[in-house]
Structures are given as structure tokens and as C-alpha cells.
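Residue strings, one per chain:
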Amino acid sequence: MTTDPGEPTPFRLTIAVRSDDLDVNGHVRGPAYLAYGDHARWACLAAAGVDPERLRTHHGLGPVNLETTIRYHRELLPLSEVEVTCEFHWGQGKTNRVRQELRQPNGPLAAEIRSTSGLLCLTRRRLAENPAHYWRLEATDPRLLNL
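### Notes on the overall build of the chain
So, step 1. Across its full length, the chain holds 3 helices and 6 strands.
So, step 2. Traced from its N-terminal end to its C-terminal end, the chain shows the element sequence β-α-α-β-β-β-β-β-α.
So, step 3. Relative to the compact-globule value of 15 Å for 147 residues, the chain shows a C-alpha radius of gyration of 16 Å, a close match.
So, step 4. Seen through its principal axes, the chain has C-alpha atoms that stretch 45 × 35 × 25 Å.
So, step 5. Across the 147 residues that make up the chain, the buried fraction comes to 35%.
So, step 6. Long-range contacts, defined as pairs at least 24 residues apart, comprise 66% of the intrachain contacts of the chain with a sequence gap of at least 6.

### Focus: the side chain of Glu 138
So, step 1. By secondary structure assignment, the location of Glu 138 is in helix α3 (residues 131–138).
So, step 2. Overall, Glu 138 belongs to the buried group, its relative accessible area being 5%.
So, step 3. For Glu 138, the contacting residues outside a window of four places in its chain are Gly 49, Val 50, Arg 54, Leu 55 and His 59.

### Structural notes on the pattern of salt bridges
So, step 1. Counted by the stated rule, this structure contains 13 salt bridges.
So, step 2. Residue Arg 99 is joined to Glu 87 by a salt bridge in which the shortest nitrogen-to-oxygen separation is 3.2 Å. Here the residue Arg 99 occupies a position in strand β4 (residues 95–103), and Glu 87 occupies one in strand β3 (residues 81–90), the gap between them amounting to 12 residues.
So, step 3. Taking the relative accessible area as the measure of exposure, Glu 87 reaches 22% and is therefore partly exposed.
So, step 4. A cluster of three or more residues bridged by salt bridges with shared partners is formed by Glu 87, Arg 99, Glu 101, Arg 103, Glu 112 and Arg 114.

### Quick word on the environment of Arg 71
So, step 1. Locating Arg 71 in the fold gives a position in strand β2 (residues 61–72).
So, step 2. For the pair formed by Arg 71 and Asp 20, sequence separation is 51 residues and the distance between their alpha carbons is 22 Å.

### Here we look at the pairing of strand β5 (residues 109–121)
So, step 1. Among the 13 residues that make up β5, 12 are buried, leaving the element largely enclosed by the rest of the structure.
So, step 2. Here β2 pairs with β5 via 11 bridges, running antiparallel. Opposite Arg 71, over in β5, you have Glu 112 as the bridge partner.
So, step 3. Hairpin geometry of β4 and β5 is characterised by an intervening segment of 5 residues between the two adjacent antiparallel strands and by a positive phi of about 110° at Gly 107.
So, step 4. Where β5 meets strand β6 (residues 126–127), 2 bridges bridge the pair, whose relative direction is antiparallel. Of the residues in β6, the one forming a bridge with Cys 121 is Arg 126.
So, step 5. Counted between consecutive antiparallel strands, the loop separating β5 from β6 contains 4 residues, among which Arg 125 sits at a positive phi close to 60°.

### Some details on the environment of Val 84
So, step 1. Inspection of the secondary structure assignment puts Val 84 in strand β3.
So, step 2. Val 84 gets classed as buried once you look at its relative accessible area, which sits at 0%.
So, step 3. When residues no more than four places from it in sequence are discounted, the contact partners of Val 84 are Phe 11, Arg 12, Leu 13, Ile 15, Tyr 36, Gly 37, Ala 40, Gln 100, Glu 101 and Leu 102.

### Examining the nonpolar core
So, step 1. Within the largest apolar cluster, 30 residues are counted, with the highest numbers of intra-cluster contacts made by Tyr 36, Val 82, Leu 102 and Leu 145.
So, step 2. Going through the elements one at a time, β1 (11–16), α1 (30–47), β3, β4 and β5 are the ones with two or more residues in this core.
So, step 3. In terms of residue count, α1 provides more of this core than any other element does, 6 residues in total.
So, step 4. Once residues within four sequence positions are removed from consideration, Leu 102 is found in contact with Tyr 33, Tyr 36, Val 82, Glu 83, Val 84, Pro 108, Leu 109, Ala 110, Ala 111 and Ile 113.

Rules behind the numbers
- Residues numbered from 1 in each chain as written.
- Predicted model: local features only at pLDDT ≥ 70, side-chain atom pairs only at ≥ 80, totals over all residues.
- Heavy atoms only, no water.
- Helix = DSSP H or I, 4+ residues; strand = E, 2+ residues; numbered from the N terminus.
- Rg over C-alpha atoms; globule rule 2.2 N^0.38 Å.
- Buried < 20%, exposed > 50% of the residue type's maximum accessible area, 1.4 Å probe, protein only.
- Contact = heavy atoms within 4.5 Å.
- Salt bridge = Lys/Arg side-chain N within 4 Å of Asp/Glu carboxyl O.
- Pairing = 2+ DSSP bridges.
- Core = buried A, V, L, I, M, F, W, Y, C linked by side-chain atoms within 4.5 Å.

Structural data, given as C-alpha cells:
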């Protein structure tokens, strides 16, 4: 896969597929795919220098996930590893999108996760305008968030 030099490189994290991630048929359970995606998103935010507690205390905001879809392509192998990528995409308005790929150790695409997220104002219980602004303020390495 070639990338445009101006295009950001997605954040990548390798996660072990544990035996308790498996169903009775020896397949990785659907909720485990979601957990891999969630774990990688939080790891990406941490790598970017974002502290969720600081976001809450300084801005009164908390991250919320509004929608998630999974598209399965290949099964993940029990007791192996999965590489999870995170790419943040920003637009106008109150939400952003996160695209994630889960790949087997040898590279084939196992699943794709697409999420729509926002920042919730914890006092008004409404989505904040322009979430990218707040993420950029808090990130020490905003490139990891595509900012």
C-alpha cells in the first residue's frame, strides 16, 4: 500500500487475541472486535497526548460514541494478534468520524469499524460545536488525530 506523502499515516496498535475473546465455535466474538477498536482509539488519544480527565475538568466535555458499524471480511485467528488502525476524519458541525481496520498478522483485512463520535457538554447534555477545536487544544501530537 502506498500513501501520499501529504496524507497522515494511521495510528497502529497490535493486540493479542485472547482465549476469552472466542465463542463456543472458536471464532472471535463480535463484541471483542468492538473492544479492539475501542482500545485502539483510546491508545491513539493517549499517544496524541489527550487526557480525558483534563478535557472534562478544563472544558466540561466528554467523548461520546454515537454510532458504530462493523463490516467483517475474514475471521481473526484464535490466540494470534490483530493490528488495529485509527484514522480520525473531521468535518463541519458537531461530529467526527473514525475509520479503523483490523488486520490479521500476515496482513489480510479481517474487519472494518466505522464510528461517529462527538464531545458531549457534561452540563448541558448537548454535543459541543467543532469538536476538532477541543481535541487540538488538548493534543500534544495532533497529527495522530489528523488535526
